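Structural overview for review
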Protein chains: 6
Amino acid sequence: MDNISFMDRAAVLAQALPYIQKYSGKIVVIKYGGNAMIDDDLKQAVMSDLVLLQLVGIHVVLVHGGGPEISAMLKKIGKESKFINGLRYTDKETADIVQMVLGGKVNKDLVALVERHHGKALGLCGIDGGLLKAKKLESEVDLGYVGDITQVNAKPVLDALAGGYIPVIATVASDAAGNVYNINADTAAARIAAELHAENLILMTDIRGLLADKDREETLIPHVCVSDVPALKREGTISGGMIPKIDCCVETVRRGVKKAVIIDGRVPHSILIEILTDEGIGTMFT
Amino acid sequence: MDNISFMDRAAVLAQALPYIQKYSGKIVVIKYGGNAMIDDDLKQAVMSDLVLLQLVGIHVVLVHGGGPEISAMLKKIGKESKFINGLRYTDKETADIVQMVLGGKVNKDLVALVERHHGKALGLCGIDGGLLKAKKLESEVDLGYVGDITQVNAKPVLDALAGGYIPVIATVASDAAGNVYNINADTAAARIAAELHAENLILMTDIRGLLADKDREETLIPHVCVSDVPALKREGTISGGMIPKIDCCVETVRRGVKKAVIIDGRVPHSILIEILTDEGIGTMFT
Amino acid sequence: MDNISFMDRAAVLAQALPYIQKYSGKIVVIKYGGNAMIDDDLKQAVMSDLVLLQLVGIHVVLVHGGGPEISAMLKKIGKESKFINGLRYTDKETADIVQMVLGGKVNKDLVALVERHHGKALGLCGIDGGLLKAKKLESEVDLGYVGDITQVNAKPVLDALAGGYIPVIATVASDAAGNVYNINADTAAARIAAELHAENLILMTDIRGLLADKDREETLIPHVCVSDVPALKREGTISGGMIPKIDCCVETVRRGVKKAVIIDGRVPHSILIEILTDEGIGTMFT
Amino acid sequence: MDNISFMDRAAVLAQALPYIQKYSGKIVVIKYGGNAMIDDDLKQAVMSDLVLLQLVGIHVVLVHGGGPEISAMLKKIGKESKFINGLRYTDKETADIVQMVLGGKVNKDLVALVERHHGKALGLCGIDGGLLKAKKLESEVDLGYVGDITQVNAKPVLDALAGGYIPVIATVASDAAGNVYNINADTAAARIAAELHAENLILMTDIRGLLADKDREETLIPHVCVSDVPALKREGTISGGMIPKIDCCVETVRRGVKKAVIIDGRVPHSILIEILTDEGIGTMFT
Amino acid sequence: MDNISFMDRAAVLAQALPYIQKYSGKIVVIKYGGNAMIDDDLKQAVMSDLVLLQLVGIHVVLVHGGGPEISAMLKKIGKESKFINGLRYTDKETADIVQMVLGGKVNKDLVALVERHHGKALGLCGIDGGLLKAKKLESEVDLGYVGDITQVNAKPVLDALAGGYIPVIATVASDAAGNVYNINADTAAARIAAELHAENLILMTDIRGLLADKDREETLIPHVCVSDVPALKREGTISGGMIPKIDCCVETVRRGVKKAVIIDGRVPHSILIEILTDEGIGTMFT
Amino acid sequence: MDNISFMDRAAVLAQALPYIQKYSGKIVVIKYGGNAMIDDDLKQAVMSDLVLLQLVGIHVVLVHGGGPEISAMLKKIGKESKFINGLRYTDKETADIVQMVLGGKVNKDLVALVERHHGKALGLCGIDGGLLKAKKLESEVDLGYVGDITQVNAKPVLDALAGGYIPVIATVASDAAGNVYNINADTAAARIAAELHAENLILMTDIRGLLADKDREETLIPHVCVSDVPALKREGTISGGMIPKIDCCVETVRRGVKKAVIIDGRVPHSILIEILTDEGIGTMFT
């Protein structure tokens, strides 16, 4: 990269203009996760991207989970992680650990990281200011304190944006009786994006996007219309772990968000590439 | 209490008028801790008091630690709590646990409790919005990640108050390099009170106040001028665990807070009694 | 009262919380009159109640007449008060006296009294800022300058509330030609409450409320639905002087005010009891 | 006047431009009294002038007394007006009458008159919002409830101006104990002008201004520097009833008001002439 | 004029009150042109009128062309002015001259003139802030860069008014491709008035107004209803150069402006006469 | 440039972060001129840079002259440009042409160009809103209407920035008598930068910067302290046409602007390079 001349650098900056114009003053909700949350270089790049976007007038909201950190902590207290259909079985003790790890460790570490890039962030969880209300998720097998969002209150997020902070949101939520639930972060991001009338929902993953042939990255499908999703499911192009993520995208677009994108978080600065260039990184749903 | 007639009740309310007038629009910082944070009835009473005070136009800020919860969690992961001169030795692993327990569990539980009393709260720790900056505490024996506050940034607290939230603050703080420190909650409350130009700092404890004869509660000293503290220390009236708490009070008053009070958190609604009645509960430093 | 412990006092304050929450930021219009306006202790208690309510964030508006003071002044100038069907016959000279006594004496004395309780009040009459417009009341017998409200302009009242003042309103009004009319204070309070979208209209009277058996106070009817009023009139439960007062209540509720209450002004702090406790004082119409 | 062509009319309007520019956004306090308050045509002209000035962006404040109306009312109740050194002896009963007549009758009638010229006014007395605080005037002979202003609180007047109202002020005031005093209107206007940092204080009188030879109107002195007043008193040019009025002017200028003017209220639209033309009407003190 | 007494002057001012009340806070768009833009005395009078109206709270917007100045400049560069059906044939070179003369000379000279009357003005043309968008005017014969307004963006005009400036607007406009067009000033004024929801559009001309008999000024028709215009055209009362001007008036009224007036700019202060007196100067269309 | 990968592009954007942070919310005044104002590609690049900077929260102000356009116009009217000591001799006729060409042609063309890059601009000259006041420049030989700035009024520029416009300023100015002067654009930019408390003044030129050896571009001096300028003049490094430009830089820094930079306008996007990269383009004075 050092071999790029300063004139080329200026040209690159100049070419970002129409993209910044497009998103100026708009809200972009980013579901942060996967490799981009583990690899330190990627992590630094994500934080730098967030601060840059905020600075050029784009309102970014970061939503995160933290599966690996939860599992590690559970292991530390001698408790095994137990998954049912891909969802963590969450007894009361696990729910406490989830709240602690997500709301106290992962969340605040991200806030500290934003600040190290000279940005300002505020770490919230779904409990703060009544941001997320939940009830027990209905399912065939009992999952314990796994929650289903019943209500999103945008005020604390909008207050944080108005105060010049990047809201960093850990996805736990409470009900009226004070029970705390573990919430799927993709779903939470999708619901928050809808409530905020976001311009864009970005889900960071560890795959290249939706592939026509899942073994060949060059078969990436750059753009999918949400009305085509049922057919893609039937023919098996959308399958396995992609299903819930793409369902989130579809749901978000249905609730009025202009587009939802699945991007490859393993690429450094993938958020900037998605927002500020015309490159077809990942798969966009509209 | 049920035998108080409604006329007497109205009279009690009417008598609160001058006290509300005195504190209207002012900031009161409350260091929450001790028994009032353990006993469930007391806890409910404290939350109800906070919501009432906020509602009548008094800006309350709650600062809390959480020693017992930290010790319990450490025990759970098979680590023993180690104290040196009354301060917790905090290695990196302990610092992580402190951050998690205070910022993720204790803090968010309090936020949820405020909401159950129909108030609105925002759970912050010293990392959020750069609220508290710290460095390693200098001491003869190494205490690990025990921090000394170097800077207080009132903006996130004032933003929360302006948004109509009760700020609930967990006392961990970071330095420029991203290290996270365990901060003594009394000290943090004192520094925050000073930075906010609070009207009053209230330290909730498990004792009646400063006693002339420490074995007899009826010898409570209701009012101490900060200039008399050195003499009281010399003569032994102020001794042991009281010293750091009273030093906090003195420091706060020196930095411009009108008064600092040590109250007995074991008395239900002790905060209301302190603020809204003329009863001499606890010991006031001016 | 002095025998109530400070812990009980705090408990009483704490129990006011849900009521303050309910009325916070809402407008309550109080028609002041009867004994509570004559007895000095009651008067002081009313003023203290107003200032307390304003302070805890409830917007109070006081509307008053002043029959006894008008009669006294008329007597002083050697003119007899003359009533037709309970309404004062008001010739031009009497209208001048009404305006003077209500707008200059009673009104300003109340403003001064609020201030002695460290509150801030602004004394208005219906002429100020075009608050009340009236025309001659149509009736079988000529009543002179007795007026019927044609228009209520809420702006001067809302301006006063926004400025932090308790609006104290004397019920005289003018027409486009500059004639000044004597307005029934109950009616004026009802119309002002409706125009302000008040939460509650409180009529202070010298009776316990609506009684099933008018000779036994223990037969108080605490709650009446406005749709039941015609039946209660037919069966004679509502009769005599109660009719116009209850008609005001009905009219106010019909115009959108949530509730209208007739309370017993002879009870000290009856306003606080009505608003801040769950006691069934008086009769509520919804 | 009907013989003035419309071109000449436009020229007159155009010539007012620099005067409006000079006073735009400034406060002018007018002490209203004398013939201009009795003759109906003059009264209408004054009200029209006030509304015009307010409309073109000049903040007018009207201060009034009402000696004749007070005397008439006292006579009505069979009480003789008693003057000592030109000041009304004011026992408690008289004080009540003063408050009633000024605050309830004269004041509200003026408010109604402003409104008939399609302006908006708010009638205040010194009691409202703590506008004027007074104590008993010290004098050799006891004058009863004649007051000396101890404090002026500009807030209610500024609130009224900000709300778009012309403040009309009756000059009674109270003390901390709730006593109500009769205040000289010239003095009150002077003190209010000073507190409001007014641009101009205008005293309406029934004379042409200060005359070099008091019997010849053509000897009008158009401009007096306040430092020349003592000499003018010594040589007798300023004498009799002029002394207190001119003392008010001097005091006002000393407290920072740019100029104080004594104008002849018997001339129709004398206020407009003073403010919007370069005519030397009356005597100006600077 | 000097023979008008100061009392008559005040009366004239007082009589302007209802007219100022009527236009207070409203927008008046004035198309400036003809003799009033050539004769220096008339010019000064117009500027003085604008500043006066702005000062008394009426929002004036000045729209101007500059035919004679354009012709003079064209002559200077040795190019003849060429008119087709009364419209200037505008080749590229002419368009440049039009832009320069209107936007750089006439416009800025007017701004300087306003300032010499102690007003504040901002000189804009249709290009600034995207105020006027145009396309090539369709016509039988090619007119070159003569434009037809496609869009009016009121924001820069409203911003200027909010900043306390009189917007002075030169009528050139651009299209998306950057071509600059010469716009008829009457039309531009009409469209701007409609977009601003103006109260009044005033077209300054060199005639007395619409005359029943075009040779006798005393046959002025003071008021025309827009629905009567077709008939007046048919019968020949509206003919020749009057047609496009009156079409502008009709169009403006149809788009919601309350009235449009053709006034005689040769009369000094004709704008003041139109707005601030009840004189029938010119012809009003409603 | 097309061979830069999208990952490298993102990295370039990410590297701009600290520079945007540094200038965020600050004012940068750019003196536009030379080749960058003639070559169409360079012109487009400059406009694109301005719009980008405005969008990312940097307040840009463009100041321009237009020597070549003036000369061309003068030639068109058959008048020769006459220069004395590098300054244009400006008789009344020339002053008119300067005002027309700068204020009407060059200025408005730039505004149109900004808009074609989807930015918003407002074209002002020194006459608008009293932005620049001038007097005749004192010099040994008479230069006619060449002006010396006597006063800068920042309000119209700040108003334009607050309204979201890029202020584009043509450097003509008037005096109290209405004379219009031709102002040197470098000087005007320097004075405006000082009055706006700008962070940076950028002078666009047609040279590489200050060279140690004027024939070899590689001897560019990247940074000069203003206190070293006198020595550099004495030794001849600063000479000829560089002297007035560097004097502007020195003057600006002396008046409190943090830095002034001479950049090479022949390099595309030289403004972005200067502000958003760490490249040493041109010579910086601090």
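See the structure shown above.
Attention in this report is confined to the structure presented alongside it. Note that residues are indexed from 1 along each chain, following the sequence as it is written. Throughout, the order in which chains and ligands are written sets their labels, letters from A for the former and numbers from 1 for the latter. Thresholds applied to this predicted model are a pLDDT of at least 70 for local features of residues and 80 or more for the giving and counting of side-chain atom pairs; totals over whole chains, interfaces and linings are not thresholded and use all residues. Here the side-chain values reflect all heavy atoms present in the structure, with hydrogen atoms and water set aside.

**Some words on the interface of chain B and chain C**
Selection rule: Residue contacts are counted whenever heavy atoms from the two residues lie within 4.5 Å of one another. What counts as buried area is the accessible surface, traced by a 1.4 Å probe, that two parts surrender upon association, with contributions from both included. Distance and chemistry together define a polar contact, namely a pair of N or O atoms within 3.5 Å, with one atom able to donate a hydrogen and the other to accept it when in protein, and with adjacent residues in sequence counting only for side-chain atoms on both sides. Strands here are runs of E lasting at least two residues and helices are runs of H or I lasting at least four, both read from the DSSP assignment and numbered beginning at the N terminus. Residue type decides the class: Asp, Glu, Lys and Arg count as charged, Ala, Val, Leu, Ile, Met, Phe, Trp, Tyr, Cys and Pro as nonpolar, and the leftover types, Gly among them, as polar.
The interface is formed by 33 residues belonging to chain B together with 33 residues belonging to chain C. Summed over both sides, the interface between chain B and chain C buries roughly 3,200 Å², with carbon and sulfur atoms accounting for 79% of that surface. Our count for the chain B to chain C interface comes out at six residue pairs in polar contact (both at pLDDT 80 or more). Residue contributions to the side of chain B that touches chain C peak at 10 residues, all from helix H1 (residues 6–15) of chain B. The residue makeup of the side of chain B that touches chain C, split by class, is 21 nonpolar, eight polar and four charged.

**So, helix H1 (residues 6–15) of chain E**
Each turn of an α-helix holds 3.6 residues, which means side chains three or four residues apart point in the same direction. Under the convention used in this document: For every residue, the accessible area (1.4 Å probe, protein chains only) is compared with the maximum for its type, and the residue is labelled buried under 20%, exposed over 50%, or partly exposed between those bounds.
All buried positions along H1 of chain E are accounted for by Arg 9, Ala 10, Ala 11, Val 12, Leu 13 and Ala 14 of chain E. Elements in contact with the buried residues of H1 of chain E: helix H1 (6–15), helix H3 (40–55) and helix H10 (270–276) of chain D together with helix H2 (17–23) of chain E.

**Points about the side chain of Asp 186 of chain B**
Residue and element names in this part refer to chain B. Looking at the secondary structure, you find Asp 186 in helix H7 (residues 185–195). Of the residues examined, Asp 186 reaches a relative accessible area of 8% and is grouped as buried. Aside from chain neighbours lying at most four places away, what touches Asp 186 is Lys 31, Leu 203, Lys 245 and Cys 248.

**A look at the sheet that holds strand S13 (residues 259–264) of chain D**
Residues and elements named next belong to chain D. Keep this limit in mind: Should DSSP find at least two bridges between two strands, the strands are taken to pair. Orientation is described by axes fitted as lines to C-alpha atoms, over the contacting stretch for helices, and by angles from 0 to 180 degrees between their N-to-C directions.
Spatial ordering of the open sheet is given by S5-S8-S2-S1-S11-S13-S14-S12, a layout of eight strands whose pairing is mixed. Here the strands that pair on one side only, and so sit at the sheet edges, are strand S5 (121–125) and strand S12 (223–224). Pairing of strand S2 (residues 59–64) with strand S8 (residues 166–170) involves three bridges; the strand directions are parallel. Considered in S8, the bridge of Val 63 is made with Ile 169. Against the sheet, helix H7 (residues 185–195) makes contact with strand S1 (27–32), S2, S8 and strand S11 (200–205), and its axis sits at roughly 175° relative to S1, the strand it touches most.

**Observations concerning the sheet that holds strand S8 (residues 166–170) of chain A**
All names here are of chain A. What the eight strands build is an open sheet, ordered S5-S8-S2-S1-S11-S13-S14-S12; its pairing is mixed. In this open sheet, the two edge strands, each paired with only one partner strand, are strand S5 (121–125) and strand S12 (223–224). Sheet analysis places strand S13 (residues 259–264) next to strand S14 (residues 283–285), joined by three bridges and oriented antiparallel. Looking at the pairing, Ala 260 lines up with Phe 285 of S14.

**So, helix H4 (residues 67–76) of chain F**
Note the following rule: Here the arc refers to the set of directions running from the helix axis out to each C-beta atom.
Ile 70, Met 73 and Leu 74 of chain F are the residues of H4 of chain F that are buried. Mapping the buried residues of H4 of chain F onto a view down its axis gives an arc of 100°, with all of them on the same face. Of the residues in H4 of chain F, the exposed ones pointing more than 90 degrees away from the buried face are Pro 68 and Lys 75 of chain F. For H4 of chain F, the secondary structure elements touched by its buried residues are helix H4 (67–76) and helix H5 (92–116) of chain E together with strand S4 (87–88) and helix H5 (92–116) of chain F.

**Comments concerning the interface of chain B and chain A**
Selection criterion: Take a side-chain nitrogen of Lys or Arg and a carboxyl oxygen of Asp or Glu: if they are within 4 Å of each other, that pair is a salt bridge.
Each partner contributes to the interface: chain B provides 37 residues, whereas chain A provides 37 residues. Interface area for chain B against chain A, summed over the two sides, is near 3,000 Å², with a carbon-plus-sulfur share of 57%. Three residues, Met 100, Lys 105 and Lys 108 of chain B, lead the burial of chain B against chain A; their summed loss comes to 19% of the area buried on that side. Put simply, chain B and chain A have eight salt bridges between them. Lys 133 of chain A is paired through a salt bridge with Glu 115 of chain B; the nearest N and O atoms lie 3.0 Å apart. Here chain B and chain A share 26 residue pairs in polar contact (both at pLDDT 80 or more) between them. If you list the elements that add at least two residues to the side of chain B that touches chain A, you get helix H4 (67–76), helix H5 (92–116), strand S5 (121–125) and helix H6 (155–162) of chain B. The element that contributes the greatest number of residues to the side of chain B that touches chain A is H5 of chain B, accounting for 15 residues. Classifying every residue of the side of chain B that touches chain A gives 16 nonpolar, eight polar and 13 charged.

**Topic: the packing of helix H5 (residues 92–116) of chain A against H5 of chain B**
Spelled out, the test is: Put simply, angles under 35 degrees are roughly parallel, angles over 145 are roughly antiparallel, angles from 65 to 115 are roughly perpendicular, and the rest are oblique. The handedness criterion is simple: a crossing whose near helix is rotated anticlockwise from the far helix by less than a right angle is left-handed, and one whose near helix is rotated clockwise is right-handed.
Viewed as axis vectors pointing N to C, H5 of chain A and H5 of chain B meet at an angle of 115°, and their least axial separation amounts to 7 Å. The angle between the axes of H5 of chain A and H5 of chain B places the two elements in the roughly perpendicular class. The way H5 of chain A lies across H5 of chain B gives a crossing that is right-handed. Together, Asp 96, Gln 99, Met 100, Val 101, Gly 103, Gly 104, Lys 105, Lys 108 and Asp 109 of chain A of H5 of chain A and Asp 96, Gln 99, Met 100, Val 101, Gly 103, Gly 104, Lys 105, Lys 108 and Asp 109 of chain B of H5 of chain B make up the contact between the two elements. Residues that form the contact of H5 of chain A with H5 of chain B fall into these classes: four nonpolar, six polar and eight charged.

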